[in-house]
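Coordinate inspection notes
Residue-level listing of the chains:
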Amino acid sequence: MAGYTVAVVGATGLVGRTMLQVLEERAFPTGELRAIASARSAGQDVPFQGRLHRVREISADAFSGVDVALFSAGGGTAREWAPVAAAAGAVVIDNSSAFRMEADVPLIVPEVNAHALVDAAPRIIANPNCSTIQMVVALQPLHARYGIRRIVVCTYQAVSGAGKKGVDQLHAEREGKNAAVRAFPHPIAGNVLPHIAAFDDDGFTTEERKMIEETRKIFEDPRILVSPTCVRVPVDTSHSEAVHVELAAPYDLADVRSMLEDAPGVIVIDDPESTAYPLAMNAAGRDEVFVGRLRRDPSAENGLIMWVVSDNLRKGAATNAVQIAEVWKARREQENGASPA
Ligand code: NAP
Ligand code: 3JN
C-alpha cells in the first residue's frame, strides 16, 4: 500500500483521536494506520479514513515496519516505548514532556523553528506544551524583528488539557453530579484554579516551568525571562493567554499588527469597539493561533500586551505533531529523493 505506516500511540485519548482527524484532514500519506493504546482499550475501534481501525495494545511488535509514530500517551509511556519504536526504525513525534528538554531532541513548532529539524535523522522529536506552542507562534515575528527580553503570561486553560477525565469532571459538575474520577483538586464548574500540575519548592507549577524552559529552547535564547501563572478555567476547548512582552528595541504598533497579520498560522482579530477579539469558543476546531487586544504597555520599556487564543487539542497538540511529521517527511523525501512506495 502506498504511503507511510503511521502509528498513533494513545489513539483512544483526546489528543490521539484528534491526531487521527488531523492526519486525515491534512491528507498525510498514510498507507497503514496502527492505532495503539493500553490493554484497557485494546479491541476497541477508532475511526480513520472512513473505516474503523482496531486498537491494539502497545508492544514491540506493534512498531515493526512503522515509519512515523505519533505518541500522546503521557511521559511514562513515552519514556518506556519511544526508544523501542525508534529502535524499530520509526521517527517518534512525542507529545509528552519526557524528552522536550533533552539536548539532542529537537523541540519543534513548525512556524517558529522548523530549521531545528536539520535533517530526517533524529529518532525522537518533541512537541512542546500546548500553552507554549500558541504563545511562541504569536511572539515569533516580534522575536525575529525586535528580540524579546521578558514575557509575563497568565493562561486560562481549558479542561481538555487535562485529558478525558478533565472534560468528564467539568461535564459531571455542570449536571450537578460528582465525577467518577476527579482531574482537579477542587470543583471546576463555576471556578478558576491557579494550579495546573504539581508545585515545586519555589511555588511554580510544572506547567509554568514548561513555559519558561520550552520558550527559551524554541527561541534559542536562554536569556529570555518568562514569568507565567497557569490557570484552569471551566472551558471545554481552547487555551487563552494574556501575554505581556518587553521587546529589546522600540517598535511601531502598526508594524507589529501588520507583521502578525502576515505571520504563518496567526489570525489577528482586533476590533474591540465592535467587541471583536479572539474567543475560546471560536478558536475551537481551528488550527490557527488567534491574536487580539494588541496595545502598548506604558508600564514597561518597549512593552506590548496581547490576547492569544488557540485550540489546545489541535495546534496545541495534534495539529502541531502532524505538521512536524510533514516537515520530517519533506526532509526525508529531499534526502531520499522519493516518496514511500
Ligand atoms: P487522555 O484523553 O487521558 O488519553 C490518554 C491516552 O493514552 C489514551 O489513549 C490511553 O489509552 C493512552 N495510554 C495511557 N497509558 C498508556 C499505556 N501505558 N500504554 C499505552 N497507551 C496508554 O489524555 P490526552 O489528553 O489524550 O493526553 C495524552 C498525553 O498527551 C498527555 O499525558 C500529555 O503527555 C500529552 N499532551 C500534550 C499536550 C501538549 O501540550 N502538547 C496537551 C495535552 C496532552 P487507554 O484508552 O488504553 O487508557
Ligand atoms: O493541562 C494542560 O492544559 C496541558 C497539559 C499537558 C500535559 C498533561 C499531562 C502530562 C502534559 C504536557 O504536555 O506537558 C503532560 C506531560 O507530558 O508532562
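Preceding block: the structure.
Residues numbered from 1 in each chain as written. Chains lettered and ligands numbered in written order. Predicted model: local features only at pLDDT ≥ 70, side-chain atom pairs only at ≥ 80, totals over all residues. Heavy atoms only, no water.

1. Here's the deal with helix H9 (residues 314-336)
Our working rule: By definition, a residue's bend is the angle between the axes fitted to the seven residues ending there and the seven starting there. Each helix is a run of DSSP H or I of at least 4 residues and each strand a run of E of at least 2, with the numbering of both proceeding from the N terminus.
The largest bend in H9 amounts to roughly 40° and is located at asparagine 320. Phi turns positive one or two residues past the end of H9, at glycine 337, with a value near 70°.

2. A few points about the side chain of glutamate 208
So the rule is basically this: Accessibility here uses a 1.4 Å probe with only protein chains present; expressed as a share of the type maximum, an area under 20% marks a residue as buried, one over 50% as exposed, and anything in between as partly exposed. Under the counting rule used here, the positive set is Lys and Arg, the negative set is Asp and Glu, and His together with the chain ends is not counted. Salt bridge, as used here, is a side-chain nitrogen of Lys or Arg placed within 4 Å of a carboxyl oxygen of Asp or Glu. Throughout this description, a polar contact denotes any pair of N or O atoms lying within 3.5 Å of each other; where both atoms belong to protein, one of them has to be capable of donating a hydrogen while the other can accept it, and for residues adjacent in sequence the pair is counted only when both atoms sit in side chains.
As for its placement among the helices and strands, glutamate 208 is situated in helix H6 (residues 206-219). Buried within the structure, glutamate 208 lacks any salt-bridge partner; arginine 209 is the closest side chain of opposite charge, at an N-O distance of 7.3 Å. Within the structure, the side chain of glutamate 208 is placed 2.9 Å from the backbone nitrogen of threonine 205, a separation counted as a polar contact.

3. Looking at the site of ligand 2
Quick note on the threshold: We call a residue near a given molecule or strand whenever any one of its heavy atoms falls within 4 Å of it. Areas reported here follow the Shrake-Rupley algorithm with a probe of radius 1.4 Å; residue values treat only the protein chains shown as occluding. All amino acids are sorted into three groups, where Ala, Val, Leu, Ile, Met, Phe, Trp, Tyr, Cys and Pro are nonpolar, Asp, Glu, Lys and Arg are charged, and the leftover types, Gly among them, are polar.
In the region of ligand 2, 13 residues are neighbours, and Ser97, Arg100, Gln157, Lys210 and Arg232 sit closest. A distance of 2.8 Å is found between an oxygen atom of ligand 2 and a side-chain nitrogen or oxygen belonging to glutamine 157. Side-chain polar atom of lysine 210 to an oxygen atom of ligand 2: 2.6 Å apart, as the coordinates give it. In the complex, the protein chains occlude 73% of the 420 Å² of accessible area that ligand 2 would expose alone. Residues of the shell around ligand 2, tallied by class, amount to 2 nonpolar, 7 polar and 4 charged.

4. Focus: the pairing of strand E4 (residues 51-57)
Put simply, the rule reads: Strands qualify as paired when DSSP identifies two bridges or more between them.
Relative to E4, strand E2 (residues 30-37) is paired through 3 bridges, and the arrangement is parallel. In the strand pairing of E4, alanine 35 is matched with valine 55. Here strand E3 (residues 45-48) pairs with E4 via 4 bridges, running antiparallel. Bridged to proline 47 within E4 is leucine 52. Between E3 and E4, which pair antiparallel in sequence order, lie 2 residues; one of them, glutamine 49, sits at a positive phi of approximately 50°.

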